[in-house]
Amino acid sequence: YKVLHISALVAETQTRLNDLDKLIDGAANQLENLQQTTDVINTKQLEDAYTNVEQNTKFLVAATAANERSSSSLAIMQVVLAGGFAFDIIDRSTGGTLNIDPSDWAVRYVFAGLIDPIGVWFTVNIVFLFFLCYALVRLMRYLVGEAMGILTLRIKLNKKIRSEDGLHSFLGTKILELTDLNVDQISST
């Protein structure tokens, strides 16, 4: 027992154990500090991402509002142009500004019955204008309603295609107007 100096070895081992215990406590404190730092960094990145999403959303809202304003302006311009078109149709139907003599039917029915009485020709023009504009607005609403039924479907399928012919026959049963396909070859098995 004296030759091996067991008591000294026990004391040194105890000292080393105390040192290891302090090192473990220090490493645990450093780990806790690193975790707190990581939490702060993650929170900052999350706040930055939220701010970016919020700015992008505001930009999209502004762009949508501008698009709505242009759409309204376009609808008004369509009605105005339809009104001009309506007046041109009525004017040309009787040979009005074509620098030709009006036909007998135009003189007999249009001039005598519609133009000579005061206000009748104006009323006919306005009624035709409203009819054509109403028909244009209804047509545009119908076209917008038809466009509302468009479906956008995005699918990412991570499966091996066993038969290209089978894929084409499956897609042949579906109505596809636009196909955008990106294929990444991950493995050959």
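For the structure itself, look to the data block above.
Looking at the overall build of the protein
For the protein, the helix and strand inventory stands at 4 helices and 0 strands. In sequence order, the protein lays out its α and β elements as α-α-α-α. Here the protein, with 189 residues, has 6% of them falling under the buried criterion. Put simply, 62% of the contacts in the protein that link residues at least 6 apart link residues at least 24 apart. Split by element, the accessible area of the protein, about 17,100 Å² in all, is 62% carbon and sulfur.

Comments concerning the packing of helix α1 (residues 6-93) against helix α3 (residues 120-147)
Direction vectors running N to C along α1 and α3 enclose 135°, while the axes themselves pass 9 Å from each other. Considering their axes alone, α1 and α3 lie oblique with respect to each other. The element α1 and its partner α3 pack so that their crossing is right-handed. Along its contact with α1, which presents Gln78, Val79, Ala82, Gly83, Phe85, Ala86, Phe87, Ile89 and Ile90, the element α3 presents Trp121, Val124, Asn125, Ile126, Phe128, Leu129, Leu132, Cys133, Leu136, Val137 and Met140.

Observations regarding the pattern of salt bridges
Two side chains bearing opposite charge may form a pair once their charged atoms approach each other closely. Taken as a whole and judged by the stated rule, the model has 2 salt bridges. Across the pair Asp19 and Arg16 runs a salt bridge, and its minimum N-O distance is 4.0 Å. Taken together, the residues Asp19 and Arg16, both in helix α1 and 3 residues apart, mark about one turn of the helix.

Remarks on the layout of surface pockets
Once rolled over the atoms, a probe with the size of a water molecule shows which space is left empty. Taken as a whole, the second largest pocket encloses approximately 220 Å³ of empty space. Taken together, Asn67, Glu68, Ser71, Ser72, Leu74, Ala75, Gln78 and Met140 form the lining of the second largest pocket. Per-element accounting of the lining of the second largest pocket gives the leading share, 7 residues, to α1. Classifying every residue of the lining of the second largest pocket gives 3 nonpolar, 4 polar and 1 charged.

Let's talk about the packing of helix α2 (residues 104-115) against α3
Two elements in contact, α2 and α3, have axes whose closest approach is 7 Å; the angle formed by their N-to-C orientations is 105°. Comparing the axis directions of α2 and α3 gives the class roughly perpendicular. Residue-level contacts link Val110, Gly113, Leu114 and Ile115 of α2 to Val120, Trp121 and Val124 of α3. Here the contact of α2 with α3 is composed, by residue class, of 6 nonpolar, 1 polar and no charged.

So, a nonpolar patch on the surface
Judged by side-chain polarity, Ile161, Leu167, Phe170 and Leu171 come together as a nonpolar surface patch covering roughly 350 Å² of accessible area. Within the element layout of this structure, Leu167 appears in helix α4 (residues 164-172). Given the relative accessible area of 33%, Leu167 is considered partly exposed.

Some words on α3
Here α3 spans 41 Å end to end across 28 residues, near enough to the 40 Å set by a 1.5 Å rise per residue. Every buried residue of α3 is listed here: Asn125, Leu129, Leu132 and Cys133. Turning to α3, the residues buried within the fold contact α1.

Each value, and the rule that gives it
- Residues numbered from 1 in each chain as written.
- Predicted model: local features only at pLDDT ≥ 70, side-chain atom pairs only at ≥ 80, totals over all residues.
- Heavy atoms only, no water.
- Helix = DSSP H or I, 4+ residues; strand = E, 2+ residues; numbered from the N terminus.
- Buried < 20%, exposed > 50% of the residue type's maximum accessible area, 1.4 Å probe, protein only.
- Contact = heavy atoms within 4.5 Å.
- Areas by Shrake-Rupley, 256 points an atom, 1.4 Å probe, with all protein chains shown as cover.
- Axes fitted to C-alpha atoms, helices over the stretch in contact; angles between N-to-C directions.
- Parallel < 35°, antiparallel > 145°, perpendicular 65-115°, else oblique.
- Left-handed = near helix turned anticlockwise from the far one by under 90°.
- Salt bridge = Lys/Arg side-chain N within 4 Å of Asp/Glu carboxyl O.
- 1 Å grid on protein atoms, 1.4 Å probe; cavity = no way out; pocket = protein on both sides within 12 Å on 5 of 7 lines; lining within 4 Å.
- Points joined across faces, edges and corners; volume = space filled by probe spheres on them.
- Nonpolar A, V, L, I, M, F, W, Y, C, P; charged D, E, K, R; others polar.
- Patch = residues over 30% accessible without salt bridge, like charges linked within 9 Å, V, L, I, M, F, W, Y side chains within 5 Å.
- Expected span 1.5 Å × (residues − 1).

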